[in-house]
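# Residue-level structural notes
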Amino acid sequence: MSYVPGQPVTAVVQRIEIHKLRQGDNLILGFSIGGGIDQDPTQNPFSEDKTDKVNGWDMTMVTHDQARKRLTKRNEEVVRLLVTRQSLQKAVQQSMMS
C-alpha cells in the first residue's frame with residue numbers, strides 16, 4: 001500500500017477466514033502468495049492489499065518465504081487473515097471483475 005508521509009490514508013481492514021482444500025494428504029490454499037519485505041512491490045498486482053496477520057502472527061516485516069511457510073503450515077486447516085485494503089470501493093470492483 002502506498003502513502004505519502006504526513007497525509008491521511010483511507011483504509012479498510014478485513015478479517016478473512018480461509019478453509020484449506022484437501023488434495024490427497026496435503027492441505028492447499030488454492031491461491032498464489034505474493035509479496036514480502038524482500039520482494040519488489042511493483043511486481044505484485046495486489047500491492048494495495050497488505051496481510052497484517054495470519055492466525056495471530058504479525059506479518060508486517062516478513063520475507064516472502066516466511067510468509068509462505070506461515071500460510072502453508074501443514075497442521076492448520078483454517079487460515080485467519082487480517083488484511084488492510086486501501087479502499088473498499090476498489091476491493092468490491094476487483095471482486096466483481098473476477
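Overview of the structure. Keep in mind the model is a prediction, meaning the values are calculated, not measured. (Residues numbered from 1 in each chain as written. Predicted model: local features only at pLDDT ≥ 70, side-chain atom pairs only at ≥ 80, totals over all residues. Heavy atoms only, no water.)

Turning next to the overall build of the protein chain. Scanning the protein chain for helices and strands turns up 2 helices and 6 strands. Traced from its N-terminal end to its C-terminal end, the protein chain shows the element sequence β-β-β-β-β-α-β-α. Buried positions account for 22% of the 98 residues belonging to the protein chain. A fraction of 75% describes how many contacts in the protein chain between residues 6 or more apart in sequence connect residues 24 or more apart. For the protein chain, the exposed surface amounts to about 7,400 Å²; the carbon and sulfur share of it is 52%. (Helix = DSSP H or I, 4+ residues; strand = E, 2+ residues; numbered from the N terminus. Buried < 20%, exposed > 50% of the residue type's maximum accessible area, 1.4 Å probe, protein only. Contact = heavy atoms within 4.5 Å. Areas by Shrake-Rupley, 256 points an atom, 1.4 Å probe, with all protein chains shown as cover.)

A word on the pattern of salt bridges. Following the criterion strictly, the structure yields 4 salt bridges and no others. Taking the shortest distance from any N to any O, the salt bridge between Arg22 and Glu77 comes out at 3.7 Å. Residue Arg22 is located in strand S2 (residues 21-23), and its partner Glu77 is located in the loop between helix H1 (64-71) and strand S6 (78-85); the two are separated by 55 residues in the primary sequence. What makes Arg22 exposed here is its relative accessible area of 54%. For Glu77, a relative accessible area of 49% puts it in the partly exposed group. Connected through shared salt-bridge partners, Asp65, Arg68 and Lys69 make up one network. (Salt bridge = Lys/Arg side-chain N within 4 Å of Asp/Glu carboxyl O.)

Strand order in the open sheet made by the 4 strands is S1-S6-S4-S5, with antiparallel pairing throughout. Each of the sheet's edge strands pairs with one partner strand only, and the pair in question is strand S1 (12-19) and strand S5 (57-58). Pairing analysis gives 8 bridges linking S1 to S6, with the strands arranged antiparallel. The residue bridging Gln14 from the neighbouring strand is Val83, located in S6. (Pairing = 2+ DSSP bridges.)

Here we come to the nonpolar core. Ile18, Leu29, Val54, Met59, Val62, Ala67, Leu71, Val79, Leu81 and Val83 together form the largest nonpolar core, which totals 10 residues. Broken down by secondary-structure element, the contributors of at least two residues to this core are H1 and S6. Of all the elements, S6 adds the most residues to this core, at 3 residues. (Core = buried A, V, L, I, M, F, W, Y, C linked by side-chain atoms within 4.5 Å.)

On to the pairing of strand S4 (residues 49-54). For S4 and S6, the ladder comprises 5 bridges, and the chain directions are antiparallel. Bridge pairing links Lys53 to Leu82 in S6. One ladder, built from 2 bridges, connects S4 with S5; its direction is antiparallel. Paired with Val54 across the bridge in S5 is Trp57.

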